[in-house]
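Below, each chain spelled out in residue letters.
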Amino acid sequence: MTVNLEVADGVGTIRLDRPPMNALDIATQDRLRELAEEATRRDDVRAVVIWGGEKVFAAGADIKEMQVMDHAAMVVRSKALQDAFTAVARIPKPVVAAITGYALGGGCELALCADFRIAADNAKLGQPEILLGLIPGAGGTQRLARLVGPSKAKDLIFTGRQVKADEALTLGLVDRVVPAAEVYEQAHAWAARLAAGPALALRAAKESVDGGLETDIDTGLTIERNWFAGLFATEDRETGMRSFVEEGPGKAKFR
C-alpha cells in the first residue's frame, strides 16, 4: 500500500509510503481518502499525524501520470483529487503534519489540510504548479490564502518558488521548526497530548473554527453557540467541571 494507517495510544499515523518521493498518484490519492475516512470513523483514533517518513513528506503529484491526461479525463479526476484532500481536512479530530524534506505541490496542499504543521529545519515547501502551466488543484489556492493571507499566497502560487523552513515559519505556513530527527517525535507528542483530551469538545472546537472561517461572523457565532450549549450534555463536560472544582485546573482525566 502507498499509504498506511497505524494506531497506537489514541494516535493514528497516516504514513505515506511511495518511495523515493511519495509522489501522489491516483492510487495514493484514493488510498489517502479511504484512510482519512477510516480515521474519522474509528473511536480508537483520537488524533492524527500525517507523516511521509524521514526523508520526504511528499514532492507533489505524479507528473508522468498527469501528462497523458487530457481535459476530459481531468474534469472527471479533479473532483476525486479534491475529495481526497478534503477528507483529510474534515477529519473531526486534531491533525498534525510532520514535514520532512520536500512538501511541494500536492504535498504542500496535503500539509495545508492539517490543523498544525511541524517542519524539519531542512524542509522546503511550495506550490510550483505554475511552472507546469497549471495552478494548484487540490485546494492550494483556497487553503493557502486562508492560512497566510491572499498576497503571500499569490506570491507563492504566481512564482512557484520554494521556501525553506525558516521562511515558511515567518509566513505562517508552518507552526514550528525542529531538527529533522525530531519531527515525528514532536508531532506524535502534540497529537498524543490532545488524544488524551475531551474528544467531543475538540471536535466542537475544530468544527467551530473551520466552519466559522467559511461564513460571516454572525453565522460563525451561531455555530459556536450551538456547539457550546451542546457540550453541556456530555460526560466530558461533567468530568472537566467536577475536576476543576475539586482538584483545580488541568487535572481532569477524560474517557
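All figures in this text were calculated on a predicted structure; none of them were measured in a lab. (Residues numbered from 1 in each chain as written. Predicted model: local features only at pLDDT ≥ 70, side-chain atom pairs only at ≥ 80, totals over all residues. Heavy atoms only, no water.)

Thoughts on the sheet that holds strand β7 (residues 124-126)
Here is the rule: Strand pairing is assigned whenever DSSP identifies at least 2 bridges connecting the two strands. Helix and strand labels come from DSSP, where a helix needs a run of H or I of at least four residues and a strand needs a run of E of at least two; each type is numbered from the N terminus. Here an angle of 0 to 180 degrees is reported between the N-to-C directions of two axes, which are lines fitted to C-alpha atoms, with helices fitted over the stretch in contact.
Spatially, β5-β7-β8 is the arrangement adopted by the 3 strands of the open sheet, whose pairing is mixed. This sheet does not close on itself; its edge strands, each paired only once, are β5 (102-104) and β8 (162-164). Between one strand axis and the next, the sheet turns through 20 degrees on average, direction left out of account. By the bridge criterion, 3 bridges tie β5 to β7 in an arrangement that is parallel. Across the sheet, the residue bridging to Tyr102 is Lys124, located in β7.

Looking at helix α3 (residues 71-89)
Rules: Here a helix's expected span is defined as the number of its residues, less one, multiplied by 1.5 Å. Given a residue, its bend is the angle between the two axes fitted to the seven residues that end at it and to the seven that start from it. Think of it in three bands: with a 1.4 Å probe and only protein chains considered, a residue is buried below 20% of the maximum accessible area for its type, exposed above 50%, and partly exposed in between. Note on definitions: a residue-residue contact is assigned when non-hydrogen atoms from the two residues lie within 4.5 Å. Polar contacts, as used here, are pairs of N or O atoms within 3.5 Å; protein pairs need one atom able to donate a hydrogen and one able to accept it. Residues neighboring in sequence count only if both atoms are side-chain atoms.
Helix length check: α3, at 19 residues, gives a terminal C-alpha distance of 27 Å against a target of 27 Å (1.5 Å per residue), a fit within 8%. Of all the bends in α3, the greatest, near 35 degrees, is centred on Arg77. When we look at burial in α3, the residues that qualify are Arg77, Leu81, Ala84, Phe85, Thr86, Ala87, Val88 and Ala89. Buried positions along α3 lie against α1 (26-41), β3 (47-51), α4 (106-112), α5 (140-148) and α9 (199-213). By the N-cap criterion, in which a side-chain oxygen at the helix start approaches the backbone nitrogen of a residue two or three places on, α3 is capped by Asp70, the distance to Ala72 being 3.3 Å.

Some details on the nonpolar core
Formally: By nonpolar core we mean a set of buried residues, namely Ala, Val, Leu, Ile, Met, Phe, Trp, Tyr and Cys, connected to one another through side-chain atoms within 4.5 Å.
Ranked by size, the top nonpolar core spans 45 residues in total, and within it Phe57, Ile99, Leu125 and Leu173 carry the most contacts. In terms of residue count, the dominant contributor to this core is α3 (6 residues). In terms of nonpolar packing, the next biggest core, distinct from the first, is built from 15 residues, Phe116, Val178, Ala187 and Ala191 among them.

Quick notes on the packing of α5 against helix α6 (residues 150-159)
Heads up, the condition is: Each angle is binned into one of four classes, with values under 35 degrees roughly parallel, values over 145 roughly antiparallel, values of 65 to 115 roughly perpendicular, and all other values oblique. Left-handed is the label given to a crossing in which the near helix is rotated counterclockwise from the far helix by less than a right angle, and right-handed is the label when the rotation is clockwise. Basically, the charged four are Asp, Glu, Lys and Arg, the nonpolar ten are Ala, Val, Leu, Ile, Met, Phe, Trp, Tyr, Cys and Pro, and anything else, Gly included, counts as polar.
At a minimum axis distance of 7 Å, the contact between α5 and α6 shows a crossing angle of 135 degrees. The angle between α5 and α6 falls in the class oblique. α5 and α6 meet at a crossing whose hand is right-handed. On α6, the residues touching Gly140, Thr141, Leu144, Ala145 and Val148 of α5 are Pro150, Lys152, Ala153, Leu156 and Ile157. By residue class, the composition of the contact of α5 with α6 is 7 nonpolar, 2 polar and 1 charged.

Some points on the layout of surface pockets
Applicable threshold: In this analysis, the protein atoms alone were mapped onto a 1 Å grid. Cavities are point sets where a 1.4 Å probe fits without being able to get out; pockets are open sets with protein on both sides within 12 Å along at least five of seven lines; lining residues have an atom within 4 Å of a point. Grid points are joined across faces, edges and corners, and a volume is the space filled by probe spheres set on the points.
Of the volumes computed, that of the largest pocket is approximately 950 Å³. Lining the largest pocket are 28 residues; nearest its centre among them are Ala89, Cys113, Arg143, Asp210 and Glu214. If you list the elements that add at least two residues to the lining of the largest pocket, you get α3, α5 and α9. Broken down by element, the residue count for the lining of the largest pocket peaks at 8 residues, all from α9. For the lining of the largest pocket, the class distribution of residues is 14 nonpolar, 5 polar and 9 charged. Roughly 590 Å³ of volume is contained in the second largest pocket. Ala61, Met66, Leu81, Glu129 and Leu134 are, among the 29 residues lining the second largest pocket, the residues nearest its centre. Elements supplying a minimum of two residues to the lining of the second largest pocket: α1, α2 (63-67), α3 and α4.

Structural notes on the packing of aromatic side chains
So the rule is basically this: Aromatic rings from Phe, Tyr and Trp, taking only the six-membered ring of Trp, are treated as a pair when their centres fall within 6.5 Å; an angle between ring planes under 30 degrees marks them as stacked, one over 60 as edge-to-face, and anything in between as tilted.
Per the stated rule, a full pass over the model turns up 3 aromatic pairs. Relative to Trp190, the ring of Phe116 has its centre 5.1 Å away and its plane inclined at 5 degrees; by these criteria the two rings are stacked. A residue pair is termed long-range when its members are at least 10 positions apart, and Phe116 in strand β6 (residues 116-120) and Trp190 in helix α8 (residues 183-195) qualify at 74 residues. Each member of the pair, Phe116 together with Trp190, is buried. Here the aromatic rings of Phe228 and Phe232 are separated by 5.5 Å at their centres, their planes lie at 75 degrees, and the arrangement is edge-to-face. Here Phe228 falls in the exposed class, since its relative accessible area comes to 55%.

In short, the description is geometric, and any link to function would need to be established separately.
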